[in-house]
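Descriptive analysis of the structure
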Amino acid sequence: MSVKTREEDLKKISKEIANCRRCSLWKERKNPVPGEGNVNPVVVFVGEAPGYWEDVKGRPFVGAAGRLLDEMLTGIGLRRDDVYITNILKCRPPRNRDPRPEEVKACTPFLDRQLEILSPEIIVTLGRHSAMYILSRAGFSVTGITAVRGKVYHARFWGKNVRLIPTFHPAAALYNVKLKDYLVRDFKLLKAEIEQRRLI
Ligand code: URA
């Protein structure tokens, strides 16, 4: 698929998200946050849901967790422009509460379509909700993020072999040195995967 077609298809999804009423989160949000980045990416990052600043700006990972994500990317020689960043939910849950099952169910068809268009080699899931959704779609059971992180999973999506790398949510690692250390290790795993397969 050409870059132009991808851009157009993603834009169409963003418009649908802006008009979406499939759950009640649209009522309190300021802006939808469909996602952004390279439309021909090797890596797609999938977070949980927009927070305060993401809701204000309509862009993913632009608050404190986003700064840590940027730091992790820079640490392995990647820039935001190299990757695509999106979330399980496209609208902010009130007071940043956890996504509800019915919201995940209503919203993830958008994510599925985005991922199929982007068709990345690697999907990095950030946090428990993202790991649960993406890994279970690939047939893996997720008991908790600690149990699944630190490994590369092989999945078959869209008739293609895709690697899944689940890790902690950067927000959880902001004030926890141990979790930040795991995050650094998991990003090294991502770097190794990219280099081993000469993806970038
Ligand atoms: N946390 C997320 O999961 N996603 C964002 O976009 C920002 C914070």
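Refer to the preceding data block for the structure.
Residues numbered from 1 in each chain as written. Predicted model: local features only at pLDDT ≥ 70, side-chain atom pairs only at ≥ 80, totals over all residues. Heavy atoms only, no water.

Here we come to the packing of aromatic side chains. If you walk through the whole model with that rule in mind, you get five aromatic pairs. Ring centres 5.7 Å apart and planes at 15 degrees place the aromatic pair Phe45 and Phe187 in the stacked group. Within this pair, whereas Phe45 is found in strand E2 (residues 43-47), its partner Phe187 is found in helix H8 (residues 177-196), the two being separated by 142 residues in sequence. For the residue pair Phe45 and Phe187, the accessibility class agrees, reading buried in each case. The ring of Phe110 carries the charged tip of Arg22 above its face, separated from the ring centre by 4.2 Å. Stacked on the ring of Phe157, the Lys or Arg Arg137 has its end atom at 5.5 Å from the ring centre. (Phe/Tyr/Trp six-rings, centres within 6.5 Å; stacked < 30°, edge-to-face > 60°. Helix = DSSP H or I, 4+ residues; strand = E, 2+ residues; numbered from the N terminus. Buried < 20%, exposed > 50% of the residue type's maximum accessible area, 1.4 Å probe, protein only. Lys NZ or Arg CZ within 6 Å of the ring centre and 35° of its normal.)

All right, on to the environment of Pro94 then. The residue Pro94 is located in the loop between strand E3 (84-87) and helix H4 (101-118) in this model. Using a relative accessible area of 15% as the deciding quantity, one classes Pro94 as buried. As a C-alpha pair, Pro94 and Glu28 span 66 residues in sequence and 7.1 Å in three-dimensional space. Once you skip the residues sitting within four places of it in the chain, Pro94 turns out to touch Leu25 and Glu28. (Contact = heavy atoms within 4.5 Å.)

Judged by nonpolar contacts, the single largest core of 57 residues is most densely connected at Val43, Phe45, Leu164, Phe187 and Leu190. In terms of residues, this core owes the most to one element, H4, which gives seven residues. Apart from residues lying up to four places away in sequence, Leu164 is in contact with Ile123, Ile134, Leu135, Ala138, Lys151, Val152, Tyr153, Ala155 and Phe157. (Core = buried A, V, L, I, M, F, W, Y, C linked by side-chain atoms within 4.5 Å.)

If you walk through the whole model with that rule in mind, you get 19 salt bridges. For Arg113, the salt bridge identified is with Glu16, shortest N-O distance 2.8 Å. Remark: Glu16 occurs in helix H1 (residues 3-18) and Arg113 occurs in helix H4; sequence separation between them is 97 residues. Judged by relative accessible area, which is 31%, Arg113 ranks as partly exposed. Linking Arg80 and Asp70 is a salt bridge whose minimum nitrogen-to-oxygen distance equals 2.7 Å. Here Asp70 lies in helix H3 (residues 64-75) and Arg80 lies in the loop between H3 and E3, a separation of 10 residues in the sequence. By relative accessible area, Arg80 is classed as buried at 18%. (Salt bridge = Lys/Arg side-chain N within 4 Å of Asp/Glu carboxyl O.)

So, on to the site of the ligand. The ligand sits among Gly47, Glu48, Ala49, Glu54, Pro60, Phe61, Asn87 and His169. The contact in question runs from an oxygen atom of the ligand to an N or O atom on the backbone of Phe61, over 3.0 Å. Against a free-state accessible area of 240 Å², the protein chains account for coverage of 93% of the ligand. Tallied by class, the residues present in the shell around the ligand amount to three nonpolar, three polar and two charged. (Near = heavy atom within 4 Å. Polar contact = N/O pair within 3.5 Å; in protein donor to acceptor, adjacent residues only side chain to side chain. Areas by Shrake-Rupley, 256 points an atom, 1.4 Å probe, with all protein chains shown as cover. Nonpolar A, V, L, I, M, F, W, Y, C, P; charged D, E, K, R; others polar.)

What follows deals with the packing of H3 against H8. Between H3 and H8, whose axes approach to 10 Å, the crossing angle comes to 45 degrees. Our classification of the angle between H3 and H8 gives oblique. Seen along the crossing, H3 lies across H8 with a hand that is right-handed. Taking contact as the criterion, the partners of Leu68, Leu69, Glu71, Met72 and Leu73 in H3 are, on H8, Lys180, Leu183, Val184 and Phe187. Per-class residue counts for the contact of H3 with H8 are seven nonpolar, no polar and two charged. (Axes fitted to C-alpha atoms, helices over the stretch in contact; angles between N-to-C directions. Parallel < 35°, antiparallel > 145°, perpendicular 65-115°, else oblique. Left-handed = near helix turned anticlockwise from the far one by under 90°.)

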